[in-house]
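Next come the chains, spelled out residue by residue.
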Number of protein chains: 4
Amino acid sequence: MSSVFGKLFTVSTWGESHGKAIGAVVDGCPSGLEISEEYIQVFLDRRRPGQSMLTTQRKESDKVKILSGVFEGKTTGTPISLIIENIDQHSADYEQIKNWYRPGHADEVYDSKYGFRDYRGGGRSSARETAARVAAGSIARKFLSEKCGTEFEALVCGEIQTAIEAARKNGDSIGGIINLTIKNPPKNLGEPIFDRTEALLAMAMLSIPATKGFEIGEGFNAAKMLGSEHNKLGENHAGGTYGGITSGEDIFCRIAFKPTPSISQIQKAKNKNGEIGEISIKGRHDPCVAVRAPVIVESMAALVLMDLWLRNLK
Amino acid sequence: MSSVFGKLFTVSTWGESHGKAIGAVVDGCPSGLEISEEYIQVFLDRRRPGQSMLTTQRKESDKVKILSGVFEGKTTGTPISLIIENIDQHSADYEQIKNWYRPGHADEVYDSKYGFRDYRGGGRSSARETAARVAAGSIARKFLSEKCGTEFEALVCGEIQTAIEAARKNGDSIGGIINLTIKNPPKNLGEPIFDRTEALLAMAMLSIPATKGFEIGEGFNAAKMLGSEHNKLGENHAGGTYGGITSGEDIFCRIAFKPTPSISQIQKAKNKNGEIGEISIKGRHDPCVAVRAPVIVESMAALVLMDLWLRNLK
Amino acid sequence: MSSVFGKLFTVSTWGESHGKAIGAVVDGCPSGLEISEEYIQVFLDRRRPGQSMLTTQRKESDKVKILSGVFEGKTTGTPISLIIENIDQHSADYEQIKNWYRPGHADEVYDSKYGFRDYRGGGRSSARETAARVAAGSIARKFLSEKCGTEFEALVCGEIQTAIEAARKNGDSIGGIINLTIKNPPKNLGEPIFDRTEALLAMAMLSIPATKGFEIGEGFNAAKMLGSEHNKLGENHAGGTYGGITSGEDIFCRIAFKPTPSISQIQKAKNKNGEIGEISIKGRHDPCVAVRAPVIVESMAALVLMDLWLRNLK
Amino acid sequence: MSSVFGKLFTVSTWGESHGKAIGAVVDGCPSGLEISEEYIQVFLDRRRPGQSMLTTQRKESDKVKILSGVFEGKTTGTPISLIIENIDQHSADYEQIKNWYRPGHADEVYDSKYGFRDYRGGGRSSARETAARVAAGSIARKFLSEKCGTEFEALVCGEIQTAIEAARKNGDSIGGIINLTIKNPPKNLGEPIFDRTEALLAMAMLSIPATKGFEIGEGFNAAKMLGSEHNKLGENHAGGTYGGITSGEDIFCRIAFKPTPSISQIQKAKNKNGEIGEISIKGRHDPCVAVRAPVIVESMAALVLMDLWLRNLK
């Protein structure tokens with residue numbers, strides 16, 4: 001398993017949804033950046049469930065602690081260890097389906113790959129792991145904001161509240177799209193060939209659970225455009241990168257999320273013996289994962305740009 | 001610049017479109033695989049321009065030579081050095097626009113980032129670099145085909161010949177979409193969290209010049225689906241991966257390409273002094289980059305799966 | 001700062017000697033290995049100070065907790081987070097020398113490199129960080145012992161108790177040499193060229209604080225030997241590797257440690273203003289770092305072989 | 001096989017001693033550095049055999065060609081591909097011992113690891129591969145010399161010509177020690193914990209064929225010293241690094257080389273069937289590998305410092 005992201009600004013996340021805690025180790029952060037638990041908490045609170053009817057009613061308190069790397073309120077250049085304890089776990093919800101592979105989940109492939117699985121709440125493949133990314137990403141975005149004036153803004157695309165509410169009432173779920181704007185990104189970021197800015201953004205976004213697509217600039221729409229249209233000076237159809245390198249123009253991306261696989265509706269499922277049965281997934285799940293995802297999207301984008309920023313130092 | 005791809009099966013590409021040669025070093029290929037220059041050449045010939053009116057009329061002979069890593073017809077486990085000499089270069093075509101930044105190209109950002117640029121044909125950011133990837137990818141696909149029965153098939157989506165022809169006559173260009181199917185992929189590939197199969201495929205695809213979007217399974221369409229639909233057993237809406245791990249089902253992806261930025265139509269452009277002028281790009285360019293791209297898409301997919309296959313050994 | 005070790009079996013350590021805790025995240029451990037806090041504790045106890053007059057009288061309880069990656073007593077294949085809380089810290093000991101750079105320590109270069117430093121006890125450069133390595137290494141050695149029958153044994157070279165005792169009484173310190181034997185190592189480990197077994201062992205050993213030299217096989221003595229002697233079949237002058245690859249024969253290494261730089265004798269030191277003064281380092285320090293180092297040496301060797309073992313899977 | 005060295009300044013070497021060519025791809029070199037084939041050739045000529053009775057009488061012309069990454073005499077920031085064609089190969093010398101494992105060589109472990117081997121001249125494990133490192137290293141040292149005034153000087157330790165001559169006449173070989181001085185190194189290089197300057201130097205040196213030991217500063221002698229002696233301000237017993245970070249003082253290292261394993265004296269050897277026989281190794285071999293090694297040692301040191309220099313940019 002490879003839970004390390006980044007080349008110079010590296011983030012190692014760890015932890016299962018129903019274990020003792022989750023966390024991240026951030027290595028490579030420059031010294032002298034002011035960071036506090038209160039600052040990081042603001043971003044975790046944006047991701048936290050239970051804030052409206054549109055999200056799960058689980059009460060994850062998600063309180064972050066900084067265990068290392070910060071001295072007298074400032075980063076020292078050493079690894080920053082972030083920890084979030086797990087509380088309010090309903091492991092019992094999972095007991096009755098521990099032998100069933102939840103459809104649309106990684107249960108079956110985990111069993112196949114590792115021969116062994118923490119069946120409670122998805123274990124490592126739980127979206128809860130993204131809290132650690134948000135905590136890590138908050139450090140990157142603070143650095144980029146202070147140093148370069150860069151800001152990250154992700155929004156759920158369209159007015160989908162009604163559709164979400166309908167899905168929830170039906171014991172069902174629905175997908176969604178998130179628009180990401182990176183305002184005032186540093187210019188000259190990105191390495192030609194494999195580590196292009198858009199390639200690393202695509203990887204970062206598709207590493208978020210439930211994502212199925214990524215676009216930059218005109219995205220799939222570009223396929224229908226003429227060169228004479230797409231090229232037009234000053235119109236930023238490319239979405240802020242050329243040949244993988246940022247021009248300093250705003251970066252525009254879109255990310256597609258599939259519907260939450262955990263639904264309470266009865267659905268067909270396989271078990272370890274290959275038998276087909278019917279299950280209903282209890283527990284408290286988001287009817288639309290995209291609703292809580294904007295801060296995750298912003299955080300992953302910040303990690304990408306932070307790493308490229310360090311790699312571009314001259 | 002980071003021109004190294006992969007963790008265990010690593011590919012380092014090098015070379016500019018108008019330099020002496022381009023090439024790749026493939027490190028980490030298991031020993032004992034039969035490889036010949038003739039075998040690799042078949043894939044390079046698929047990428048080669050000049051094969052129809054729909055592609056550029058440049059005559060790139062693209063003859064590959066194996067300089068190391070193969071002994072008595074088989075890989076030895078040592079680095080495989082592949083070289084393709086550059087011939088039929090019309091460097092003079094670029095002399096007259098050397099001070100202009102071609103719109104939609106990386107010219108301006110390269111100058112900004114490196115302070116220095118080989119202005120002939122895009123230099124390193126030229127699509128010619130992808131020939132080296134195709135050569136490297138052909139080794140990965142042979143291994144996966146023999147060992148696992150995996151096959152890669154990419155096709156341009158839709159009947160776009162008329163639109164391409166119209167664009168070409170206008171001195172313009174057009175975008176396109178490529179559908180990629182990976183048949184019979186090894187199961188259990190992919191590392192949870194950051195190195196998910198779809199994340200690495202997204203990165204690989206967005207590292208191909210002119211790409212603007214990536215989808216797996218239902219892709220952006222998944223955003224409109226209900227969980228009860230998307231989850232359905234046996235319907236493979238996910239596109240062959242769950243939680244980033246391959247299930248053994250076929251993998252389906254789509255990749256969006258923007259229109260070729262090099263067009264002969266007169267268009268507005270900036271120069272080094274920030275002045276706006278008008279240029280017409282001479283040279284022989286593809287009216288639609290997607291036409292020659294399928295073999296590149298297949299090659300990058302093969303590199304991703306080969307690396308994950310080695311990482312999954314137990 | 002790069003606190004990540006290994007390519008497939010990666011260890012990220014974090015924590016300062018006088019912060020809240022130290023720890024390690026171990027990523028890439030195969031699933032199904034039995035691991036418990038009690039098992040790991042045995043190795044930490046070997047490293048723990050305060051066990052004899054020959055070591056510091058600090059009482060580091062060094063109790064390890066496993067926060068993730070182990071379910072029902074077995075590794076799940078997910079990252080294993082290990083944490084050791086810091087207690088019994090005498091930060092006040094460092095207040096009076098906070099503006100002085102301790103001779104032979106990293107104080108001055110840390111200030112120069114990071115512009116900022118946790119002056120309590122060496123911060124990140126403290127030997128306390130090695131407790132996290134020992135915890136991580138204990139997992140690697142258990143795997144190698146069970147899977148391959150490999151054992152690691154490091155011993156202080158020579159009868160140096162009298163010299164240590166003399167140094168201690170003088171408020172001074174002394175260096176030492178450790179002999180490492182790896183019994184029954186897996187064969188065929190090591191990657192030719194840069195990642196040779198001995199190159200990675202050398203790196204691992206020289207990454208332990210206070211180390212100044214590394215030898216394998218005959219080491220420096222080989223420089224005086226004839227080829228006809230060194231080559232002799234069955235005599236293992238090489239120390240168990242050829243061209244960087246393990247032959248399966250026992251591996252023999254020696255590691256040199258300098259004397260502990262922290263001594264209570266009055267010595268000359270520089271301060272931040274470049275002035276020279278005299279300081280006496282209070283606190284409880286080992287008169288010979290080599291005494292507690294064998295388990296650290298064994299742990300680092302286990303991390304190297306574990307990573308190479310995973311890389312050698314076919 | 002992992003033939004990639006470095007994190008930001010990466011060098012991938014390729015090629016066998018008796019294949020068509022050997023070479024290196026250098027990725028990550030800043031743009032604007034003046035580099036020519038003539039400049040690199042000077043260093044290759046220092047490594048070249050056949051210059052005195054003390055070295056092998058093979059005539060390797062070792063002419064380097066730059067295939068990419070340099071435009072109008074300056075690096076462009078893109079990968080620099082270096083190639084050296086193999087000529088004057090006496091493959092026939094190896095035919096008669098192709099089924100015998102030369103003692104002290106990697107022949108047996110290669111066969112065991114890869115199941116397949118280019119038996120001519122050691123193939124990939126041949127010291128000829130180091131020519132590619134020297135070519136790559138010459139670029140790093142030029143950069144460091146111009147930017148930081150750093151110089152690398154390695155010398156064979158002691159007056160060993162008589163011993164070499166005696167060994168040669170006997171059809172035998174002898175080992176040697178090389179002293180490396182890095183004058184005026186950049187300060188603040190090195191990453192605490194695993195990527196310490198001395199750890200990376202140790203790895204780099206032990207990756208050179210036939211090396212068996214590495215020391216920095218007082219090295220093994222430090223084991224016998226007192227803290228009060230070793231600490232002394234202004235005496236640089238540490239050899240230029242503290243806690244893994246360069247202080248700007250000169251760096252002193254020593255590297256031990258074993259005797260050349262290829263000797264013409266009759267010696268016992270094993271073959272593929274495990275039988276013991278007697279062989280005499282024909283061909284033209286150095287009686288002491290250390291004689292031609294200084295430029296290799298300097299080159300590897302330059303690669304380490306160059307990579308750390310890039311990683312230290314702020």
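Residues numbered from 1 in each chain as written. Chains lettered and ligands numbered in written order. Predicted model: local features only at pLDDT ≥ 70, side-chain atom pairs only at ≥ 80, totals over all residues. Heavy atoms only, no water.

## Remarks on the relation of the copies chain C and chain A
Here is step 1 of the chain: Rotating chain C by 180° and moving it 0.0 Å along the rotation axis overlays it on chain A with an RMSD of 0.0 Å. The superposition operator between the copies reduces to a two-fold rotation axis.
Here is step 2 of the chain: With an isologous cut-off of 70% or more, the 100% of interface residues of chain C that recur at the interface of chain A puts this contact in the isologous class. (Least-squares fit on C-alpha atoms with pLDDT ≥ 70 in both. Contact = heavy atoms within 4.5 Å.)

## Regarding the interface of chain B and chain A
Here is step 1 of the chain: If you look at the interface, chain B gives 87 residues, while chain A gives 87 residues.
Here is step 2 of the chain: For the pairing of chain B and chain A, the buried interface totals around 6600 Å² over both sides, and the portion due to carbon and sulfur atoms is 63%.
Here is step 3 of the chain: When the buried area of chain B at its contact with chain A is split by residue, Lys-113, Phe-194 and Lys-212 of chain B rank highest and sum to 14% of it.
Here is step 4 of the chain: Our count for the chain B to chain A interface comes out at two salt bridges.
Here is step 5 of the chain: A salt bridge links Glu-191 of chain B to Lys-113 of chain A; the shortest N-O distance between them is 3.8 Å.
Here is step 6 of the chain: Summed over the shared surface of chain B and chain A, the result is 31 residue pairs in polar contact (both at pLDDT 80 or more).
Here is step 7 of the chain: At six residues, helix α6 (residues 197-206) of chain B tops the list of elements feeding residues into the side of chain B that touches chain A.
Here is step 8 of the chain: Looking at side-chain class alone, the side of chain B that touches chain A contains 42 nonpolar, 26 polar and 19 charged residues.
Here is step 9 of the chain: As defined by bridge partners, strand β11 (residues 211-216) of chain A adjoins strand β11 (residues 211-216) of chain B across three bridges and the pair is classed as antiparallel. (Buried area = accessible area lost by both parts, 1.4 Å probe. Salt bridge = Lys/Arg side-chain N within 4 Å of Asp/Glu carboxyl O. Polar contact = N/O pair within 3.5 Å; in protein donor to acceptor, adjacent residues only side chain to side chain. Helix = DSSP H or I, 4+ residues; strand = E, 2+ residues; numbered from the N terminus. Nonpolar A, V, L, I, M, F, W, Y, C, P; charged D, E, K, R; others polar. Pairing = 2+ DSSP bridges.)

## Brief notes about the pairing of strand β15 (residues 267-271) of chain B
Residues and elements named next belong to chain B.
Here is step 1 of the chain: The side-chain alternation of β15 yields one buried face, formed by Gln-267, Ala-269 and Asn-271, and one unburied face, formed by Lys-268 and Lys-270.
Here is step 2 of the chain: With two bridges joining them, strand β8 (residues 100-101) and β15 adopt antiparallel strand pairing. Bridge pairing in β15 places Trp-100 opposite Asn-271.
Here is step 3 of the chain: Here β15 pairs with strand β16 (residues 276-279) via four bridges, running antiparallel. If you follow Lys-270 over to β16, its bridge partner there is Ile-276.
Here is step 4 of the chain: What sits between the antiparallel neighbours β15 and β16 is a turn of four residues, in which Gly-274 has the positive phi angle 85°. (Buried < 20%, exposed > 50% of the residue type's maximum accessible area, 1.4 Å probe, protein only.)

## What about the confidence of the model for chain A?
Here is step 1 of the chain: Summary statistics for chain A give a mean pLDDT of 92 and a share of 95% for residues scoring 70 or more.
Here is step 2 of the chain: This prediction of the complex comes with two scores: 0.95 for pTM and 0.96 for ipTM. (pLDDT = per-residue confidence, 0-100.)

## Brief notes about the interface of chain C and chain A
Here is step 1 of the chain: On the side of chain A, 38 residues touch chain C, which itself brings 38 residues to the contact.
Here is step 2 of the chain: A combined buried area of about 3000 Å² lies between chain C and chain A, and 63% of that area is made up of carbon and sulfur atoms.
Here is step 3 of the chain: Counting across the interface, chain C meets chain A through two salt bridges.
Here is step 4 of the chain: Its salt-bridge partner being Glu-37 of chain A, residue Lys-20 of chain C comes within 3.5 Å of it at the nearest N-O pair.
Here is step 5 of the chain: If you look at where chain C meets chain A, you find twelve residue pairs in polar contact (both at pLDDT 80 or more).
Here is step 6 of the chain: For the side of chain C that touches chain A, the secondary-structure elements that each account for two or more residues are β2 (10-15), β3 (21-27), β6 (74-75) and β7 (80-85) of chain C.
Here is step 7 of the chain: Looking at the side of chain C that touches chain A, the element that brings in the most residues is β2 of chain C, giving five residues.

## Quick notes on the sheet that holds strand β3 (residues 21-27) of chain A
All names here are of chain A.
Here is step 1 of the chain: The strand order across the open sheet built from five strands is β1-β2-β3-β7-β4, with neighbouring strands paired in antiparallel fashion. Of all strands in the sheet, those bounded by a partner on one side alone are β1 (4-5) and β4 (64-66).
Here is step 2 of the chain: By the bridge criterion, two bridges tie β1 to strand β2 (residues 10-15) in an arrangement that is antiparallel. Within the sheet, the bridge partner assigned to Phe-5 lies in β2 and is Val-11.

## Examining the packing of helix α6 (residues 197-206) of chain D against helix α8 (residues 294-311) of chain D
Residue and element names in this part refer to chain D.
Here is step 1 of the chain: Where α6 meets α8, the axes come as close as 9 Å, and the angle between the chain directions of the two elements is 145°. The hand of the α6/α8 crossing is right-handed. Within the contact between the two elements, α6 uses Thr-197, Leu-200, Leu-201, Ala-204 and Met-205 and α8 uses Val-297, Met-300, Ala-301, Val-304, Leu-305, Leu-308 and Arg-311. (Axes fitted to C-alpha atoms, helices over the stretch in contact; angles between N-to-C directions. Left-handed = near helix turned anticlockwise from the far one by under 90°.)

## Thoughts on the environment of His-230 of chain D
Here is step 1 of the chain: Turning to its location among the elements, His-230 of chain D is positioned in helix α7 (residues 227-230).
Here is step 2 of the chain: Under the relative-accessibility criterion, His-230 of chain D is labelled buried at 6%.
Here is step 3 of the chain: If we skip the residues at most four places from it in the chain, His-230 of chain D touches Lys-258 and Pro-259 of chain C together with Glu-218, Ala-222, Met-225, His-237 and Ala-238 of chain D.

## So, the packing of aromatic side chains
Here is step 1 of the chain: Inspection of the entire model under this criterion finds 18 aromatic pairs over all chains.
Here is step 2 of the chain: Relative to Trp-309 of chain A, the ring of Phe-143 of chain A has its centre 5.0 Å away and its plane inclined at 70°; by these criteria the two rings are edge-to-face. With Phe-143 of chain A in helix α4 (residues 130-148) and Trp-309 of chain A in helix α8 (residues 294-311), this pair connects stretches of sequence that are 166 residues apart. Of the two residues, Phe-143 of chain A and Trp-309 of chain A, both sit in the buried class.
Here is step 3 of the chain: Sitting over the ring of Tyr-39 of chain C, Lys-142 of chain C keeps its end group 5.5 Å from the ring centre. (Phe/Tyr/Trp six-rings, centres within 6.5 Å; stacked < 30°, edge-to-face > 60°. Lys NZ or Arg CZ within 6 Å of the ring centre and 35° of its normal.)

## Digging into the pattern of salt bridges
Here is step 1 of the chain: Per the counting criterion, the structure on display carries 75 salt bridges over all chains.
Here is step 2 of the chain: One continuous salt-bridge network, built from bridges that share partners, spans Arg-46, Arg-141 and Glu-298 of chain A.

## Focus on helix α8 (residues 294-311) of chain B
Here is step 1 of the chain: Under the 1.5 Å per step criterion, the end-to-end length of α8 of chain B is 26 Å for 18 residues, consistent within 8% with the ideal 26 Å.
Here is step 2 of the chain: Among the 18 residues that make up α8 of chain B, 18 are buried, leaving the element largely enclosed by the rest of the structure. (Expected span 1.5 Å × (residues − 1).)

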